[in-house]
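Take a look at the letters that make up each chain.
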Amino acid sequence: MNLSELRKEAHLSISSISTYIDCGLLYRFSRVDCLIPEFKADVLVFGSVIHRILEMYYQGFLEGYKMSLLELSELFQNHWCESVNGNDRANIRFTKGNDYHSLLEMGINLLTTWYDSRPGELYRLIAVEEPFSFTVPGVPVPIIGGMDLVEEDPSGTIIITDHKTPAKAMAEKDVHINQQLTIYQMAAKANGYASREIMLKFDCLIKTKTPKFQQYYTTRSENDEQRMIRKIQSVWEGMAKGVFVPNDLSWKCNNCSYKTACNEWFMQEAA
Ligand code: SF4
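Residues numbered from 1 in each chain as written. Predicted model: local features only at pLDDT ≥ 70, side-chain atom pairs only at ≥ 80, totals over all residues. Heavy atoms only, no water.

A. Inspection of helix H6 (residues 100–117) at higher detail. Look at H6: 26 Å from first C-alpha to last across 18 residues, which is about the 26 Å you get at 1.5 Å a residue. For H6, the complete set of buried residues consists of Tyr 100, Leu 103, Leu 104, Met 106, Gly 107, Leu 110, Leu 111, Trp 114 and Tyr 115. End-on, the buried residues of H6 take up no more than an arc of 165 degrees, which puts them together on one face. In H6, the exposed residues that point more than 90 degrees away from the buried face are His 101, Glu 105 and Asp 116. Those residues of H6 that are buried are in contact with helix H4 (42–62), helix H5 (69–85), strand S7 (198–206) and strand S8 (212–218). By the N-cap criterion, in which a side-chain oxygen at the helix start approaches the backbone nitrogen of a residue two or three places on, H6 is capped by Asp 99, the distance to His 101 being 3.0 Å. (Helix = DSSP H or I, 4+ residues; strand = E, 2+ residues; numbered from the N terminus. Expected span 1.5 Å × (residues − 1). Buried < 20%, exposed > 50% of the residue type's maximum accessible area, 1.4 Å probe, protein only. Arc of directions from axis to C-beta. Contact = heavy atoms within 4.5 Å. Polar contact = N/O pair within 3.5 Å; in protein donor to acceptor, adjacent residues only side chain to side chain.)

Laid out in structure tokens, this is it:
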């Protein structure tokens, strides 16, 4: 089944789990009440366009075609234009200092940096946007998602890569505890790679003034997986009981697209 088919059934995703952990009220507004967000953050739209372009590059590569930098830049320009000037245009909020043109330039510069500085084809590419679905004990719905890249090195180790477009370099310690990568390892084991060694990797196109490209490798132990299972079980229990705790100390509050609903929620009198 592909990802859109998997999404038709009840499920948890990495983003729903993360959103619930970061702020239960944000999860409720976006996924339970299905409120229309007040805006779309420019960084999210930008990140998803870069993600799509890299997916197209690697899909072409998997099929035996290597896109030139010029083709990539033109693709980015077209997709960025479509995303910003399409139906949702009024809904995008640009952060201070950003606009359509500055992010267009940033996107092309980022892709150029990535294209010129990534270390060639070290591994054999097996799959692009590989869908996955697996269950954990005590949670009646599957955890679903897609892995950006699945590769294999000459010794048979599986390398799973996720693309990111952070504003600054990541701290190594954050990479080593990142729960998205832990879930990818669990997904890989449940979807055909249980007998392999697994390495996990972020490929980061970093949006500093002078763009940078950096790769971060990490691994996960069985204990990391066990801790993640317990976390997912607690997340499910909270969701099923309708417990949606606001985290108004979250870094997400600054750019939250449900601020009005959140303020109204806080103004409600306790019953
Ligand atoms: S403003 Fe903060 S506390 Fe309120 S929903 Fe958004 S992230 Fe949660």
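B. Quick peek at helix H2 (residues 14–22). The set of residues buried in H2 consists of Ile 14, Ser 16, Ile 17, Ser 18, Thr 19 and Tyr 20. Buried residues along H2 sit against strand S1 (12–13), helix H3 (24–32), strand S4 (124–134), strand S5 (143–152), helix H8 (179–193) and helix H9 (222–240).

C. Geometry of the packing of aromatic side chains. One pass over the structure, following the stated rule, counts 17 aromatic pairs. Plain terms: the ring middles of Phe 132 and Phe 134 are 6.1 Å apart, the flat faces sit at 40 degrees to each other, and that makes the pair tilted. In terms of burial, Phe 132 and Phe 134 fall into one category: buried. What links up through ring pairs into an aromatic cluster is the set Tyr 57, Tyr 58, Phe 61, Trp 114 and Tyr 115. (Phe/Tyr/Trp six-rings, centres within 6.5 Å; stacked < 30°, edge-to-face > 60°.)

D. Region of the structure containing the pattern of salt bridges. Inspection of every chain in the model, using the stated rule, returns 10 salt bridges. Between Asp 162 and Lys 164 there is a salt bridge, and its shortest N-O distance comes to 2.9 Å. Here Lys 201 ties to Asp 203 by a salt bridge, and the two come within 2.9 Å at their closest N and O atoms. When sorted by exposure, Lys 201 lands in the same class as Asp 203, which is buried. Through salt bridges with shared partners, one network takes in Arg 124, Glu 152 and Arg 196. (Salt bridge = Lys/Arg side-chain N within 4 Å of Asp/Glu carboxyl O.)

E. Region of interest: the pairing of S7. The element S7 is largely enclosed, with a buried count of 8 among its 9 residues. By the bridge criterion, 7 bridges tie strand S6 (residues 158–164) to S7 in an arrangement that is parallel. In the sheet register, Asp 162 faces S7, and the bridge partner there is Phe 202. Bridging between S7 and S8 involves 7 bridges; their strand directions are antiparallel. Bridge pairing in S8 links Ile 206 to Lys 212. Counted between consecutive antiparallel strands, the loop separating S7 from S8 contains 5 residues. (Pairing = 2+ DSSP bridges.)

F. The arrangement of the nonpolar core in detail. Counting 36 residues, the largest nonpolar core has Ile 143 and Ile 232 as the members making the most contacts within it. When residues of this core are traced back to their parent elements, those giving at least two are H2, S4, S5, S6, H8, S7 and H9. Residue contributions to this core peak at 7 residues, all from H8. For Ile 143, the residues in contact, after removing those within four places along its chain, are Leu 12, Ile 17, Phe 132, Ser 133, Phe 134, Val 136, Ile 183 and Ile 232. Counting 28 residues, the second-largest nonpolar core is a separate cluster that includes Leu 72, Phe 76, Val 128 and Leu 205. (Core = buried A, V, L, I, M, F, W, Y, C linked by side-chain atoms within 4.5 Å.)

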